[in-house]
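# An overview of the molecular structure
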Amino acid sequence: QVQLVESGGGLVQPGESLGLSCAASGRIFSIEIKGWYRQAPGKQRELVATITSGAKTNYADSVKGRFTISGDNAKNTVYLQMNSLKPEDTAVYYCYAIAAVIPTRVRYQYWGQGTQVTVSS
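All of the points below concern the structure found in this document. (Residues numbered from 1 in each chain as written. Predicted model: local features only at pLDDT ≥ 70, side-chain atom pairs only at ≥ 80, totals over all residues. Heavy atoms only, no water.)

## A look at the pairing of strand E10 (residues 107-111)
With five bridges connecting them, strand E9 (residues 91-101) and E10 associate as antiparallel partners. Considered in E10, the bridge of Ala99 is made with Tyr108. Between the antiparallel neighbours E9 and E10 lie five residues, among them Arg105 with a positive phi of about 65°. (Pairing = 2+ DSSP bridges. Helix = DSSP H or I, 4+ residues; strand = E, 2+ residues; numbered from the N terminus.)

This is how it looks when you write it as structure tokens:
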């Protein structure tokens with residue numbers, strides 16, 4: 001019903017920046033929350049940042065001051081700007097959304113396929 005496609009992962013050195021984007025498509029009536037989670041090897045998936053349709057943001061303590069989430073409601077897109085990257089930021093980053101679908105307007109959770117971010121010298 002709804003597809004999330006991420007782009008922008010890659011390999012960077014510590015201290016560098018990287019941007020991720022995620023576009024949602026399909027039978028979307030509205031998206032209430034968009035965001036990013038990440039999962040490092042051997043660890044559970046964890047929240048990185050979320051943004052509501054009203055632009056209210058929420059960040060994990062580990063990324064506050066370094067990462068910025070933004071969204072474009074008209075384009076059903078969410079972005080994550082990651083600055084001052086650290087090796088511990090290395091993970092697969094997953095786009096996430098809670099969307100109401102056409103025609104029922106029932107809300108579901110959706111996940112993207114994930115994009116690898118590696119921070120290493």
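Alright, that's what it looks like, and here's the rest.
## Re the nonpolar core
For soluble globular proteins, nonpolar side chains are generally found buried alongside one another. Of all hydrophobic cores here, the largest spans 32 residues; its most connected members are Trp36, Leu80, Met82 and Tyr93. Those elements that provide at least two residues to this core are strand E1 (2-7), strand E3 (18-26), strand E4 (28-39), strand E5 (46-52), strand E7 (67-72), strand E8 (77-82), E9 and strand E11 (115-119). With six residues, the single largest contributor to this core is E9. Dropping the residues within four chain positions of it, Leu80 is found in contact with Leu18, Gly19, Leu20, Trp36, Val48, Ala49, Phe67, Thr68, Ile69 and Tyr93. (Core = buried A, V, L, I, M, F, W, Y, C linked by side-chain atoms within 4.5 Å. Buried < 20%, exposed > 50% of the residue type's maximum accessible area, 1.4 Å probe, protein only. Contact = heavy atoms within 4.5 Å.)

## With respect to the environment of Tyr108
When you line up the elements, Tyr108 lands in strand E10. A residue is classified by how much of its surface remains accessible, and Tyr108, at 36% relative accessible area, is partly exposed. Excluding its chain neighbours within four sequence positions, the residues that come into contact with Tyr108 are Gln1, Ala97, Ile98, Ala99 and Val101.

## Digging into the pattern of salt bridges
Applying the stated criterion across every chain yields a total of five salt bridges. Between Asp61 and Lys64 there is a salt bridge, and its shortest N-O distance comes to 3.1 Å. The exposed category is assigned to Asp61, whose relative accessible area is 64%. The structure contains a network of salt bridges with shared partners spanning Arg38, Glu46, Arg66 and Asp89. (Salt bridge = Lys/Arg side-chain N within 4 Å of Asp/Glu carboxyl O.)

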